[in-house]
Structures are given as C-alpha cells and as structure tokens.
Amino acid sequence: MDFNDTHEESLFRAEARDFLNAHAQFKNESEPRDESETDYLARAKAWQKLKYENGWACLGWPKEYGGRNATPMQQIIWNQEESRYDVPTAPFAIGLGMCGPTMMAYASEQQKREMLPRMASGEHIWCQLFSEPAGGSDLAALRTKAERSGDEWVVNGQKIWTSGAHYSDWGILVTRSDPTVPKHKGLTFFFLNMHSPGVTVKPIKQISGDSNFNEVYFTDVRIPDAQRLGAVGQGWQVSITTLMNERLAVGNAGGADFDAALALANDVKIDGAPAIRNQAVRERLADWYCQSSGLRFTNYRVISALSRGATPGPENSITKVVSAKKQQDIGSFGMDLMDMGGIMMDPARVPADLAFQQNFMGAPGYRIAGGTDEILRNIIAERVLGLPADIRVDKNVPFNEIPRGS
Amino acid sequence: MNFEFSDEQNLLREQAQSFLADKCPLTAVRRVLDGAESYDAPLWRGMIDLGWTATAIPEEYGGLGLGYLELCVLAEELGRSLAPTPFSSSVYLASEALMQFGNAKQRARYLPKLASGEWIGTFAIAEGAGEPARSLKTRAKKGSIKGTKVPVADGDIADFAIVLANEDKKHASMYIVDLNGAGVKREVVPTLDPTRSHASIKFSDAPGELLGKTGKGWPQTERLFDRAAVLYSFEQVGGAQAALDMAKNYALGRFAFGRPIASFQAIKHKLADMYIANTLAHSNCYYGAWALSTDAEELPIAAATARVSATEAFHESSKENIQTHGGMGFTWEFDCHLYYRRAKLLSVNLGSLPRWKDRLISAIEAAA
C-alpha cells in the first residue's frame, strides 16, 4: 500500500509538470485578478488552445477528435497537476465533460471530426440544455416541444439552470417530440448552434447575487434533422449517457474547508481565548477533517483501481452529497465564529475574504445542482445498494395525460 | 497510486471470511451472550491455529512476521463477525505494548507465548466512570501495584495485564502484572456487551515489572492507543458494514403497504446515509492502515481520523439497523442488538468519541 506513481505514471507526471511550469503560475504565487467575464473567457480560450496545440487537451479522447488516447489514469494525473496552477478551465467543464462524450457516442463520424476538435481546442464552448421549469429531478417530465418539419425540427419551449448558455456557441438539447406516449419514450435529442434565430438567453440572479446560470427560451428554433443524436424517441437513452458523465464531472464542492475553518478558529476568540481552545469548536472541526479525509482517501481508492486498469467501485458516488453539506455547515459555522460581525459582506471587515459567507450562500445551489442530495441518495440506494426503484405512477401513462399540478 | 490491499491480503480476507462464517456465525456469538462462558474458546483456538495471534509478531519471537496490513484485514473480518474472543486485548494492546516498549528479555519471555496463544494479555487503564487521565488512583511503589482497575477487557481470562499506575501525582508508568500471581483479585463485571467479558481487578501490592520507561506511562499509552486505534477502527468498520447488510436484507424482504420497505425513500435514504458513513470510515481506515504499516509520522492524525469516523459509522449503522427492523429490532430474539452493543463497547473501549476528536485536532496542531 503506497501513494506512489508507477514508473510510467511518474514519467507522464513529469512531462505534465514541465508543460505547466513553462506556461502557468502556481495558484498561491499568482495575484488576484479583477477582470470582466469577456477578459476571463478570452484568457480561458487562450489556455485551452495552448493545451490543445501541445497535446494536453481532452487527453482521453481519440487523436482524430482532438485528444491523445490517454488512459484514465493519465487524465487524472493531468487533472491533479493542472489543479495546482492558476489557469482558467471552468467554461469548458460542461462541454468537455458531458457534451463531448455524448457527441462521441451518438454523432456521425463526419460530425465528430468536425465538431469535437473545435470543442477540444476551446474554439467552441458548449452548454447542456436539460432542466426545465417542469423537469428538474424528474428530468423526463420536460416539455420543450420538437416538431418535425421536412428535414428540420422546430423547437419551442424553455430550459433553465443552463450554465454558460450566454457565452456558449453550441449546446446539447433534449426535447419532447411525442407527448402521446409515456414520458421516457417521447424524447428526442439534438445538438444545436446557440446563435440560431429564436434562441434567447436570460441570466438568473441567484441568492448569492451571482449569475452562473441562465434561462434559455426557444421560439420556432429550426434544427436540421442531421443534428439529431440517437433515434427519434430515443432521447432518454442519450440523456443517460450525458448524465453518467455528469456524475463523473460533478464532484467536490470545494470552498472554505477544514484548513480555512482551523485558521479562522485560531484567529477569532471565544471568551477571550482563541476559539480553537473551545471543545465544541474542536469537535466540529474534527468532524469536517474526517469527512474531507474520507473523501480524499475514497478518491485514492478509485484512482488505485484505475491505475491497475480496473473499473472503480461505486465509492465516489458519495463525494458531492458529503462535500456540499460540509460546505454549507462550514460556511454557517465560520459566520458563527465571527459572531455578530459574521453577517457583514465586506471583505475589509471580516476575515478570510468572505470565503465563509460565500460557502453559506453558494452551498444551497451545490446541494441541488447536478443531482439533488435526495436524488443522489436514491442513486446510492438503487445503484450501489441494489434497492428497488420507487414506484412510478406516471410510468405507463401517455405524457399528455399525466397530472401536472399547477 | 496503490492505495489498496494486495492480492495476498485479499486472499487472507477470503480465508478469514470463510473460517468465520463457519466457526463464528451469529448463533455462536449468541451462545456467549446467553451463556456463562467469557468467550468462545473453540473459536479462539481455531484463530490461534490459523496463526492470527502471531500475525504481526516478528519471526524471532515465534510470530509470522507479516505486516500490519494483514492484521487490519483480520480486524475488519473479526469486527464483521462480532467474534467473541480476546483478540483485541491480547493482540492490539498487549502484544503491541510489548513490541513497542518491551526490553529484549521481556519480548523473549512474552511474545512467543502471545503468538502461540498460550497466554492472553490485556491492558488495564480504566478506573471506573470518567476519563482516567485526570483521576488515576492506582499507584506503583517500588514495583508493587496497588489499586483497582475496572473495566478491564478480558481481565477475567487474561494471564497478565499491562497496568498503568502512577509513580507520583504527574507521572505514570506501565507495569506487567501476572494476573494469576499474588495480590490480584478479579471478578467479572456486567457490561453492555456480554459477548466481550470485562473484569474488575484489585491489585493489593501485586508485583509489577516495569514496561518501557519510568514515568513515561502516558506518552507510551498515547503511542499504544494510536496503533491500536487503527485496528479497532477496522473492527468497527467491519461491524458497521455487517449492520448495513443486515438492514438492507431485512428491508428487501419486509413488505408493508404492499411493497418491500426497501422501496420507500425514507428507508433508502437511511441506508444510503449508512453507506456514506461506512465508506468515509473505510477510506479513513485505509489511511490508518497505511500509516500503521509504514510507521508514518502522520500516524497520530491517521489513527484519530480512522477512529472518529469508524466510531461514528458503527454507531450510525447499528442504531439505524434497529430502526429499519422496526419493533422486532428491539427484541432480544433478533440479532440487531448484538451490533448495537458492540458498537458502543468499541466506541468507549479505547477512549470516547469526544476525546478522539480532541486528539485529532491536537495531532493536527502538533504537526503544523
């Protein structure tokens, strides 16, 4: 039992480090930036392009689609190394993590050769148009309508919670093409140009005041039938491919963690002594340390399986549900430690540059995005423990006869 | 990255599982629960014959000289099966203390007999309710021990105990005391978990032999507990997994409102939470196993991390296993309470959860 790379892995890691050292700065050595979203995107695209040109983009993808046929372990090594540097990767996470694999599985050979390298190089940013006001955890309840019209489809409806829609060039879209059959059977899947006429993107203001998501409206948007992924009515199966990849992509909630909480507890006082001397504080901190540590070593077990070429077990399924709650709890506790001052949203007046306040206001979203706490527990119960699925009263009912509520 | 048990270690696990499935089904655990015996002697004999008590003891002292990873594997399986034997006292505590602190003569005298199972050893520290560090009353005077230790795990059947006794108000030392010798009176004390016997031992000027350094009893205890905590944690996580399995199997077979209760989200989420707690604990146990087997500097942190999360996992899984069973889970007849008892026993045996949480933060502070 050890944490060491194999010989091949260490060579690969050294190669990755050489590239990163030559082109990027470590996170802790870089200056904080105050830049517009446009500037950030330009910087992100430049970084993605540089990686692509040097063979460090989409490592696991086949060469002809812009990757380098790397093993899952090599991808992990790259991710570990890249995460230590101050480089902008967020705008590509959804495209490369979810849209790419879906295109890989269902697009035509010509489309793959045309679209995927542009996705890998950062020329095109992609988004995922799944959730709707009426279809969140119950995604298959979506209502956005697709009607056939010759060689095209005409799409009308609304998507919601679409990250990055406002700067995306392309998107993957699941629609309802037949409302007269049960809900999972009447869906059809497409990819589309986000600059198509009839696509309107409106940002959503979150409780934190930030806008990371959008509403996307479709008004008579025409999509060529050639951009259909999978057969007509097979949209649910295609969606599953995307969602399986989403579960791999959505992981640790991040934010202020144990180290930040420990530093804060040393910084602020309770009854005139550093808060860290308080027994209740110590016990809460210990809980979070154990959770973080448990997630880290669970991940190491998964990586170990990949390293020897095996398929990992289901252990990583716990990551988001544990880390999102921890993020919320640490945020709340950190603000408690600041006592009456904890409510101030001014980095000049509270410690830790608002990290705890940001945890507190961001975590509610993280507990919902990419599978709610409840849906994730269902998944653990059904896929990991093998418990029966819930009884679905709408399973065999035509979609247009399912009760809708208000 | 090779953060896994090896093929050989997994083979050992399979052998242990099949041996324990045969020799230690829950009916065997119940025989000790309901009977007058302190432990399952034939099972203990079988474990000795398989060399389990000799696992980590060096070959020069009659051991197998295998590593601690093997011992972790056995601990997990013993925890899973709730084996009613003195393994933890004799192997994780007495053998460890002798290997860590014993001089050449002591190692040569005790370790071969511990390896062969001829002797059972234990560690005696507690003196009733409350944290012993603040209130140790047992005294050592010129090698003679006076005081009462209670509860002492396997104290009724052990051949010797390593006793923590005060030299003066601030300093304690470890002493090896022959429990069959002069000045020792012992009686079984009733505990929460009768499948693991405990005794009250009264020492009246019993002769003790210094183990380790005079006045270093507390730091030695810390070191011993760091090592033992990893092994206890594996027992706890094995028990936690067994409790989850039991809850799952019951929920799949029990029908209410016309369907298996395992199909209700209230039950599914409960079992998912047990799985989450167990997985976190299991992975932290791996960390502890790595630190123990490599004698890593991080051992105090790794051990406390494993200990805290394994204690919580077994508590969670054993109590929610009862809840999943409904009323029948509260009966003597059903086996749920066996896990519930053992979970609490193991959680306090090596010091309570709040103490280990505090220890974890202290270890992190010390390493910073």
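Please read these numbers as outputs of a predicted model, since none were measured by experiment.

J.: Before we go on, may I ask you to explain the overall build of chain B in this structure?
T.: Within chain B one finds 11 helices and nine strands. Against the globule reference of 21 Å for 368 residues, chain B gives a C-alpha radius of gyration of 20 Å, in line with a compact fold. Within chain B, the proportion of its 368 residues that are buried is 57%.

J.: It is not clear to me how the overall build of chain A should be interpreted in this structure. Could you clarify?
T.: Each helix and strand in chain A was counted, giving 11 helices and 10 strands. A globule of 406 residues ought to have a C-alpha radius of gyration of about 22 Å, and chain A, at 23 Å, matches this closely. The principal-axis extent of the C-alpha atoms belonging to chain A is close to 75 × 55 × 45 Å. A burial count over chain A gives 39% of its 406 residues as buried. Partitioning the intrachain contacts of chain A with sequence separation of at least 6 by distance along the chain shows that 71% fall at a separation of at least 24.

J.: Would you mind showing me how to read helix H7 (residues 258–267) of chain A here?
T.: Because an α-helix packs 3.6 residues into every turn, residues spaced three or four apart end up facing the same way. Residue and element names in this part refer to chain A. Here H7 has its buried residues at Ala261, Leu262, Leu264 and Ala265. Here the buried residues of H7 occupy an arc of 165° about the axis, which is enough to place them on one side. Taken together, the buried residues of H7 touch strand S10 (273–274), helix H8 (279–307) and helix H9 (319–337).

J.: Teacher, can you tell me more about the interface of chain A and chain B here?
T.: For interface size, the figure often reported is the accessible area lost on association. Each partner contributes residues to the interface: chain A has 35 residues there, and chain B has 37 residues. Those elements that provide at least two residues to the side of chain A that touches chain B are H8, H9 and helix H11 (373–384) of chain A. Among the elements that line the side of chain A that touches chain B, the one with the most residues is H8(A), at 17 residues. When the residues that make up the side of chain A that touches chain B are grouped by side-chain class, the tally is 19 nonpolar, nine polar and seven charged.

J.: It is not clear to me how the packing of H9(A) against helix H10 (residues 355–366) of chain A should be interpreted in this structure. Could you clarify?
T.: Each pair of packed helices can be summarised by the angle the axes make with each other and by the distance between the axes. All names here are of chain A. Taken N-terminus to C-terminus, the directions of H9 and H10 make an angle of 150°; their axes are 7 Å apart at the nearest point. Relative to H10, H9 is oriented roughly antiparallel. Handedness of the H9/H10 crossing: left-handed. Residues Ala324, Gln327, Gln328, Ile330, Gly331, Ser332, Gly334 and Met335 of H9 pack against Phe356, Gln357, Asn359, Phe360, Ala363 and Tyr366 of H10. Looking at the contact of H9 with H10 residue by residue, the class counts come to seven nonpolar, seven polar and no charged.

J.: What's the story with the pairing of strand S1 (residues 126–129) of chain A in this structure? I'm lost.
T.: Residue and element names in this part refer to chain A. Burial along S1 is two-sided: the residues Trp126 and Gln128 and Cys127 and Leu129 are all buried. Sheet topology note: the S1/strand S4 (residues 170–176) ladder contains four bridges and is parallel. Looking across to S4, one finds that Gln128 is bridged to Ile172.

J.: Can you help me understand the nonpolar core in this one?
T.: Buried together is how nonpolar side chains tend to be arranged in soluble globular proteins. Counting 214 residues, the largest nonpolar core has B:Ala161 and B:Leu271 as its most contacted members. If we ignore the near neighbours within four places in the chain, the residues touching B:Ala161 are B:Thr122, B:Phe123, B:Ala124, B:Val152, B:Gly155, B:Val177, B:Leu179 and B:Ile201.

J.: What am I meant to see in the pairing of strand S4 (residues 160–166) of chain B here?
T.: Two faces belong to every sheet, and in a regular strand the side chains alternate between them. Residues and elements named next belong to chain B. Taking burial as the measure, the seven residues of S4 include six buried ones, the bulk of the element. Bridging between S4 and strand S5 (residues 172–178) involves seven bridges; their strand directions are antiparallel. Bridging across to S5, Ala161 finds its partner in Val177. Adjacent in sequence and paired antiparallel, S4 and S5 are bridged by five residues.

J.: Looking at this structure, how should I read H11(A)?
T.: In this model H11(A) runs 15 Å from its N-terminal to its C-terminal C-alpha over 12 residues, within 8% of the 16 Å that 1.5 Å per residue would give. The complete set of buried residues in H11(A) reads A:Leu376, A:Arg377, A:Asn378, A:Ile380 and A:Ala381. Those residues of H11(A) hidden inside the fold are in contact with H9 of chain A together with helix H8 (265–294) of chain B.

J.: Just to check I follow, could you spell out the packing of helix H1 (residues 7–23) of chain B against helix H4 (residues 68–81) of chain B for this structure?
T.: All names here are of chain B. Contact geometry for H1 and H4: axes closest at 9 Å, N-to-C directions at 30°. Put simply, H1 runs roughly parallel to H4. As H1 runs across H4, the sense of the crossing is right-handed. The segment H1 lies against H4, with Gln9, Leu12, Arg13, Ala16, Gln17 and Leu20 engaging Leu69, Glu70, Val73, Leu74, Glu77 and Ser81. Of the residues in the contact of H1 with H4, the class split is six nonpolar, three polar and three charged.

J.: Can you help me understand the domain arrangement of chain B in this one?
T.: Residues and elements named next belong to chain B. Each assigned domain of chain B is listed with its residue range as follows: domain 1 (7–87 + 106–115), domain 2 (121–215) and domain 3 (218–367). Spacing between the C-alpha centres of domain 1 and domain 3 amounts to 20 Å. Across the contact, 14 residues belong to domain 1 and 16 residues belong to domain 3. Going through the elements one at a time, helix H2 (26–34) and H4 are the ones with two or more residues in the side of domain 1 that touches domain 3. Take the side of domain 1 that touches domain 3: its biggest share by element is 10 residues, from H4. Counted by class, the side of domain 1 that touches domain 3 contains nine nonpolar, two polar and three charged residues.

J.: Which parts of the structure should I look at to understand unusual backbone geometry?
T.: The phi angle of most residues is negative, glycine excepted, and most peptide bonds adopt the trans form. Here the residue pair B:Val150 and B:Pro151 is connected by a cis peptide bond, since its omega of -5° sits within 30 degrees of zero. Mapping B:Pro151 onto the fold places it in strand S3 (residues 144–153). Phi angles above zero are rare outside glycine, and A:Asp271 is one such case at about 50°. Within the secondary structure layout, A:Asp271 lies in the loop between strand S9 (269–270) and S10. We note that A:Leu354 has phi near 70°; this positive angle belongs to a residue other than glycine. For A:Leu354, a count of 17 C-beta atoms within 10 Å translates into the label partly exposed.

J.: For this particular structure, what's the right way to read the environment of A:Gly60?
T.: All names here are of chain A. As for its position among the elements, Gly60 is in the loop between helix H2 (37–53) and helix H3 (72–82). Under the C-beta neighbour-count criterion, Gly60 is labelled partly exposed, with 18 such atoms within 10 Å. Between the alpha carbons of Gly60 and Asp34 there is a distance of 33 Å; along the sequence they are 26 residues apart. The residues touching Gly60, leaving out its near neighbours within four places in the chain, are Gly67, Ala70, Pro72 and Gln75.

J.: Hey, could you run me through the environment of B:Asp358 in this one?
T.: Mapped onto the fold, B:Asp358 is located in helix H11 (residues 353–367). With 110 residues separating them along the chain, B:Asp358 and B:Lys248 place their C-alpha atoms 34 Å apart. When neighbours within four sequence positions are excluded, B:Asp358 is seen to be in contact with A:Gln279 and A:Arg282.

J.: Help me out: how do you make sense of the environment of A:Pro274 in this one?
T.: Positionally, A:Pro274 belongs in strand S10. Here A:Pro274 is in contact with A:Ala265, A:Asn266 and A:Lys269, once residues within four sequence places are set aside.

J.: Can you help me understand the confidence of the model for chain B in this one?
T.: Low-pLDDT portions of the prediction should not be read for the details of their coordinates. When pLDDT is averaged across chain B, the result is 97; 100% of the residues are at 70 or more. The ipTM value of the predicted complex is 0.96, and its pTM value is 0.95.

Calculation notes
- Residues numbered from 1 in each chain as written.
- Chains lettered and ligands numbered in written order.
- Predicted model: local features only at pLDDT ≥ 70, side-chain atom pairs only at ≥ 80, totals over all residues.
- Helix = DSSP H or I, 4+ residues; strand = E, 2+ residues; numbered from the N terminus.
- Rg over C-alpha atoms; globule rule 2.2 N^0.38 Å.
- Buried ≥ 20, exposed ≤ 12 C-beta atoms within 10 Å, placed from the backbone.
- Contact = placed C-beta atoms within 7 Å.
- Arc of directions from axis to C-beta.
- Nonpolar A, V, L, I, M, F, W, Y, C, P; charged D, E, K, R; others polar.
- Axes fitted to C-alpha atoms, helices over the stretch in contact; angles between N-to-C directions.
- Parallel < 35°, antiparallel > 145°, perpendicular 65-115°, else oblique.
- Left-handed = near helix turned anticlockwise from the far one by under 90°.
- Pairing = 2+ DSSP bridges.
- Core = buried A, V, L, I, M, F, W, Y, C linked by C-beta atoms within 7 Å.
- Expected span 1.5 Å × (residues − 1).
- Domains from an automatic or database assignment.
- pLDDT = per-residue confidence, 0-100.

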